[in-house]
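Each chain, written out:
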Amino acid sequence: AARCVQAGLLSLLDAGRIRLDDSNSMWRQSALIVESPGADSVAPLPAHIESLASALTGHGKGPRLASSEVLHALQRAFGASYRGFVHDQVAPSLIKRGLIDRIDDKWLGIFPRVTYRRTARGEAMAAPFERLMLAAASADGCASTTSA
């Protein structure tokens, strides 16, 4: 779940909805600045990415958030482990498009557990990305061994 949130924050950064304020002062820590969506926005963000932006703007302390405020805003919106982001924001769209299935069961017959499994369609869509990531990882490994 944390990686999904990280990817979502990178999407917000890329869309210009947030930016990093790198303070040069030793008394003031770096912060995240939440930008208001401009009228010149080309396309709306996907709903799960928009939910991250809403969580950050909904903290009620202005557009500048210290790292601890970012953490608290996201945990308040999605839970301490951010699982609410995956279960409530990301997964429903993937399930609706037939890319994953949700499996509700119990671990040790007691503790509720939710897992997701790719469907055949999801596997087919993920395969080219996995090959690309594998190729990039092996190329990176080759580059580091040949340059040594």
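A. View of the overall build of the chain. Broken down by element type, the chain carries five helices and five strands. Ordered by position from N to C terminus, the α and β elements of the chain give α-β-β-α-β-α-α-β-β-α. Accessible surface for the chain amounts to roughly 10,300 Å². Of this, 59% is attributable to carbon and sulfur atoms.

B. Structural view of the pairing of strand 2 (residues 31-34). By the alternation rule, side chains of strand 2 split into Ala31 and Ile33 and Leu32 and Val34, which are all buried. One ladder, built from four bridges, connects strand 1 (residues 18-21) with strand 2; its direction is antiparallel. Opposite Leu20, over in strand 2, you have Leu32 as the bridge partner. Across three bridges, strand 2 lies against strand 3 (residues 64-66) in antiparallel orientation.

C. Molecular detail of the confidence of the model for the chain. On average, the chain scores 83 in pLDDT, and the residues at 70 or more come to 85%. The secondary structure element of the chain with the lowest average pLDDT is helix 5 (residues 120-146), at 80, and the one with the highest is helix 4 (residues 83-96), at 91.

D. Broad picture of the packing of helix 2 (residues 47-57) against helix 4. It is at 8 Å that the axes of helix 2 and helix 4 come closest, and there the two elements cross at 135 degrees. Here helix 2 lies oblique to helix 4, going by the angle between them. Packed against helix 2, whose contacting residues are Ala47, His48, Ser51 and Leu52, the element helix 4 presents Phe85, Gln89 and Val90 at the interface. Taken together, the residues that form the contact of helix 2 with helix 4 break down as four nonpolar, three polar and no charged.

E. Structural context of the nonpolar core. Within the largest apolar cluster, 20 residues are counted, with the highest numbers of intra-cluster contacts made by Val5, Leu9, Leu12, Ile18, Leu52, Leu56 and Leu74. Contributions of two or more residues to this core are made by helix 1 (2-14), strand 2, helix 2, helix 3 (67-78) and helix 4. Among the elements that line this core, the one with the most residues is helix 2, at five residues. Contact partners of Leu74, with chain neighbours within four places excluded, come to Val5, Leu9, Leu52, Ala55, Leu56, Gly79 and Tyr82.

F. Highlighting unusual backbone geometry. The phi dihedral of Tyr82 falls on the positive side, at around 65 degrees, and the residue is not glycine. Counting through the fold element by element, Tyr82 comes out in the loop between helix 3 and helix 4. Of note, the phi angle at Leu108 is positive, near 60 degrees, even though the residue is not glycine. Note that Leu108 resides in the loop between strand 4 (100-107) and strand 5 (111-118).

G. Looking closely at the sheet that holds strand 1. Pairing within the open sheet is antiparallel, and its three strands lie in the order 1-2-3. Across the chains shown, the open sheet's two edge strands, defined by having one partner strand only, are strand 1 and strand 3. Geometrically, the sheet is characterised by an average inter-axis angle of 30 degrees between neighbouring strands, direction not taken into account. Across the sheet, helix 3 is in contact with strand 2 and strand 3; its angle to strand 3 comes to roughly 95 degrees.

H. Structural view of the side chain of Thr119. When you line up the elements, Thr119 lands in the loop between strand 5 and helix 5. A relative accessible area of 14% places Thr119 in the buried class. When residues no more than four places from it in sequence are discounted, the contact partners of Thr119 are Gly98, Leu99, Ile100 and Asp101.

Conventions adopted
Residues numbered from 1 in each chain as written. Predicted model: local features only at pLDDT ≥ 70, side-chain atom pairs only at ≥ 80, totals over all residues. Heavy atoms only, no water. Helix = DSSP H or I, 4+ residues; strand = E, 2+ residues; numbered from the N terminus. Areas by Shrake-Rupley, 256 points an atom, 1.4 Å probe, with all protein chains shown as cover. Buried < 20%, exposed > 50% of the residue type's maximum accessible area, 1.4 Å probe, protein only. Pairing = 2+ DSSP bridges. pLDDT = per-residue confidence, 0-100. Axes fitted to C-alpha atoms, helices over the stretch in contact; angles between N-to-C directions. Parallel < 35°, antiparallel > 145°, perpendicular 65-115°, else oblique. Contact = heavy atoms within 4.5 Å. Nonpolar A, V, L, I, M, F, W, Y, C, P; charged D, E, K, R; others polar. Core = buried A, V, L, I, M, F, W, Y, C linked by side-chain atoms within 4.5 Å.

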